[in-house]
Amino acid sequence: MHSVAVVTVSDRCAREGKQDESSPAVLGVIGEQGKEVGGGQAPWKVVCKWLVPDERECIRAALWRACGRRADARTEQHLRECGDCWRQWNEVVEDVDTEPARLVLTVGGTGLAARDITPEVVLEVCDGRQAWGIAHLAMNISLRHTPLAAASRMVAGIAGGSTLIFTLPGSPRVARQILPELLPVLAHASDTLRGTSSHA
Ligand SMILES: [Zn+2]
């Protein structure tokens, strides 16, 4: 069983009330794969779901919570100022304090526009520790469908030594294209990290 957190990053969904269609697509693929691979028992358990705008501190707070980290001074300051993050910090699907997500999927904010900052925040939380091959694989899968995928800035990184973070683009269609092939690799990487961390 792999614990997974889904962090949707979207100004329009978080601030303008647009319906979030991306995270249901991601959760759908996770559920479908669970049926195929787990024979009734999903190998992925969603422990945390967040919806945040394209704001550095909001994305950072969501990632910290998903990774089971305690709020540092910077996060505490943000939680005092941001009611939505405060609410989500205290409303989690499962207790991420006892079981941090092994995998965090961010959805959105990977484009080229000025407000697309998800990859930068992920790399900051991961202290620059990237998993190049995973991002490379995701780009390969995506490019099979359209050369426009080249404009997506997908990254993968490792936070706190044991949590894998991958940045999906915000399109539900792209999530459905990439995830079925990528998830088994993410599961393997998550197992590897878990094994490594138990010997640390
Ligand atoms: Zn916030």
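All values derive from a computational prediction rather than experimental measurement. (Residues numbered from 1 in each chain as written. Predicted model: local features only at pLDDT ≥ 70, side-chain atom pairs only at ≥ 80, totals over all residues.)

S.K.: Is there a simple way to explain the pairing of strand β2 (residues 44-52) in this structure?
M.R.: Consecutive residues of a regular strand have side chains that alternate between opposite faces of the sheet. β2 sits mainly inside the fold: 7 of its 9 residues count as buried. Pairing geometry for strand β1 (residues 2-9) and β2, over 8 bridges, is parallel. Bridge assignment links Val7 to a residue of β2, and that residue is Trp50. (Buried ≥ 20, exposed ≤ 12 C-beta atoms within 10 Å, placed from the backbone. Helix = DSSP H or I, 4+ residues; strand = E, 2+ residues; numbered from the N terminus. Pairing = 2+ DSSP bridges.)

S.K.: Explain the environment of Arg56 to me, please; I cannot follow it from the model alone.
M.R.: For Arg56, the location among the structural elements is in helix α3 (residues 56-66). For the pair formed by Arg56 and Val121, sequence separation is 65 residues and the distance between their alpha carbons is 6.4 Å.

S.K.: So what exactly am I meant to see when it comes to the packing of α3 against helix α6 (residues 118-125) here?
M.R.: How two helices sit against one another is set out by the angle between their axes and by the gap between those axes. At a closest axis distance of 10 Å, the pairing of α3 and α6 adopts a crossing angle of 45°. One finds that α3 runs oblique with respect to α6. Crossing angle aside, the handedness with which α3 passes α6 is right-handed. Residue-level inspection shows Arg56, Ile59, Arg60, Leu63 and Trp64 of α3 in contact with α6, the latter providing Thr118, Val121, Val122 and Val125. Residue classes in the contact of α3 with α6 are distributed as 6 nonpolar, 1 polar and 2 charged. (Axes fitted to C-alpha atoms, helices over the stretch in contact; angles between N-to-C directions. Parallel < 35°, antiparallel > 145°, perpendicular 65-115°, else oblique. Left-handed = near helix turned anticlockwise from the far one by under 90°. Contact = placed C-beta atoms within 7 Å. Nonpolar A, V, L, I, M, F, W, Y, C, P; charged D, E, K, R; others polar.)

S.K.: Is there a simple way to explain the sheet that holds strand β4 (residues 156-159) in this structure?
M.R.: Whenever strands of a sheet pair, they do so through backbone hydrogen bonds, lying parallel or antiparallel. Spatially, the 5 strands line up as an open sheet ordered β2-β1-β3-β5-β4, and their pairing is mixed. Looking along the sheet, the strands with just one partner apiece sit at the ends: β2 and β4. Neighbouring strand axes in the sheet, compared pairwise and without regard to direction, differ in orientation by 20° on average. Helix-sheet contacts for α3 involve β1, β2, β3 (103-107), β4 and β5 (163-168), and the interaxial angle to β2 is about 160°. With respect to the sheet, α6 is in contact with β1, β3, β4 and β5, its orientation differing from that of β5 by roughly 170°.

S.K.: Just to check I follow, could you spell out helix α5 (residues 83-90) for this structure?
M.R.: In an α-helix, one turn spans 3.6 residues; hence positions three or four apart end up facing the same way. Taken residue by residue, α5 has Cys85, Gln88 and Trp89 as its buried positions. Taken around the axis of α5, the buried residues stretch over an arc of 105°, which confines them to a single face. Residues of α5 that are exposed and point over 90 degrees away from its buried face: Gly83, Arg87 and Asn90. Tucked into the core, α5 has its buried residues touching β2, α3 and α4 (73-81). (Arc of directions from axis to C-beta.)

S.K.: What is the right way to look at the environment of Thr75 in this model?
M.R.: Here Thr75 is to be found in helix α4. Residue classification places Thr75 among the partly exposed residues on the basis of 18 C-beta atoms within 10 Å. Distance from Thr75 to Trp86, taken between C-alpha atoms, is 9.9 Å for residues 11 residues apart in sequence. When sequence neighbours within four positions are dropped, the list of residues in contact with Thr75 reads Ala61 and Trp64.

S.K.: Hey, could you run me through the confidence of the model for the protein chain in this one?
M.R.: Detailed reading of the predicted model is not advised wherever pLDDT is low. Scored by pLDDT, the protein chain comes out at a mean of 90, with 90% of its residues at no less than 70. Of the regions scoring below 50 in pLDDT, residues 196-200 engages in 3 contacts with residues more than four places distant in sequence or in other chains. (pLDDT = per-residue confidence, 0-100.)

S.K.: Is there a simple way to think about the packing of α3 against α4 in this case?
M.R.: Contact pair α3 / α4: the axes reach a minimum separation of 10 Å and the direction vectors enclose 115°. Crossing of α3 over α4 shows left-handed handedness. Within the contact between the two elements, α3 uses Glu57, Ala61 and Trp64 and α4 uses Thr75, His78 and Leu79. The residue inventory of the contact of α3 with α4, partitioned by class, reads 3 nonpolar, 2 polar and 1 charged.

S.K.: Which parts of the structure should I look at to understand the pairing of β3?
M.R.: The element β3 is extensively covered by neighbouring structure, given that 5 of its 5 residues are classed as buried. The side-chain alternation of β3 yields two buried faces, one formed by Leu103, Leu105 and Val107 and the other by Val104 and Thr106. As defined by bridge partners, β1 adjoins β3 across 5 bridges and the pair is classed as parallel. Bridge pairing links Val6 to Leu105 in β3. Pairing of β3 with β5, which is carried by 5 bridges, proceeds in the parallel orientation. Bridged to Val107 within β5 is Leu168.

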